[in-house]
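Coordinate inspection notes
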Amino acid sequence: DIVKFSATHKVALSRVQSGHDDERETAVRFKLSVANTGADAGSVPAKLVGMQGAVEVYSQTITVTAAAGAHATFTFPPYSPTARGTITWTVTIADPAPDTATARTKVRKERHEDDRERED
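First, a word on what this report is: a plain description of the structure on this page. Since the model is a prediction, treat every value here as computed from it, not as a measurement. (Residues numbered from 1 in each chain as written. Predicted model: local features only at pLDDT ≥ 70, side-chain atom pairs only at ≥ 80, totals over all residues. Heavy atoms only, no water.)

**Brief notes about the sheet that holds strand β1 (residues 2-7)**
The three strands are arranged β1-β3-β6 in an open sheet whose pairing can be described as antiparallel. Every other strand in the sheet has two partners, leaving β1 and β6 (71-74) as the edge strands with one partner each. Between one strand and the next, the sheet's axes are offset by a mean angle of 10°, whatever the strand orientation. In terms of strand pairing, β1 meets strand β3 (residues 30-35) through five bridges, oriented antiparallel. For Ile2, the partnering residue across the bridge sits in β3 and is Val34. (Pairing = 2+ DSSP bridges. Helix = DSSP H or I, 4+ residues; strand = E, 2+ residues; numbered from the N terminus. Axes fitted to C-alpha atoms, helices over the stretch in contact; angles between N-to-C directions.)

Set out below in structure tokens:
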């Protein structure tokens with residue numbers, strides 16, 4: 001069973017492509033906590049899909065394993081967005097009674113130093 005799923009709430013588009021170092025978070029990171037309520041240890045696939053509007057921007061499947069009656073925490077590979085907007089993440093554990101959980105990430109434009117000066 002999914003106990004908790006989280007994704008980075010807000011990220012900025014990377015400025016590294018333009019040669020600038022970026023101190024803001026530019027990659028979405030994921031954390032999945034599961035509980036095995038069964039009497040036996042088990043391993044099942046967990047699939048994470050990211051949708052930005054009608055476009056699938058991310059899809060990864062990992063195997064999650066937990067001992068009987070135990071909790072375990074897993075991470076998916078991070079994702080660096082390429083466009084502004086909101087990404088909706090849906091993780092599904094494919095066991096006999098599939099569980100799903102969702103989270104959202106807001107991707108904003110990275111502000112340049114001269115943009116900050118104009119706001120002052």
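**Quick word on the environment of Ala35**
Within the secondary structure, Ala35 sits in strand β3. Residue classification places Ala35 among the buried residues on the basis of a relative accessible area of 12%. When sequence neighbours within four positions are dropped, the list of residues in contact with Ala35 reads Asp1, Val3, Ala70 and His71. (Buried < 20%, exposed > 50% of the residue type's maximum accessible area, 1.4 Å probe, protein only. Contact = heavy atoms within 4.5 Å.)

**A closer look at the sheet that holds strand β8 (residues 99-108)**
Strand order across the open sheet formed by five strands is β2-β8-β7-β4-β5, with mixed pairing between neighbours. Whereas interior strands pair on both sides, the edge strands pair on one side only; in this sheet they are β2 (10-12) and β5 (55-66). The sheet shows a mean angle of 25° between the axes of neighbouring strands, direction not considered. Judged from the three bridges that link them, β2 and β8 form a sheet pairing that is parallel. The residue of β8 that forms the bridge with Lys10 is Lys106.

**Here we look at the pairing of strand β7 (residues 85-93)**
With seven bridges connecting them, strand β4 (residues 42-52) and β7 associate as antiparallel partners. Its bridge partner being in β7, Lys47 is matched across the sheet by Thr92. Pairing analysis gives nine bridges linking β7 to β8, with the strands arranged antiparallel. Of the residues in β8, the one forming a bridge with Ile93 is Asp99. As consecutive antiparallel partners, β7 and β8 are separated by five residues.

**Considerations on the nonpolar core**
Membership of the largest hydrophobic core comes to 26 residues, with the highest contact counts inside it found for Phe5, Phe30, Leu32, Leu48, Phe76, Trp89 and Val91. Of all the elements in the fold, those that place two or more residues in this core are β1, β3, β4, β5, β6, β7 and β8. (Core = buried A, V, L, I, M, F, W, Y, C linked by side-chain atoms within 4.5 Å.)

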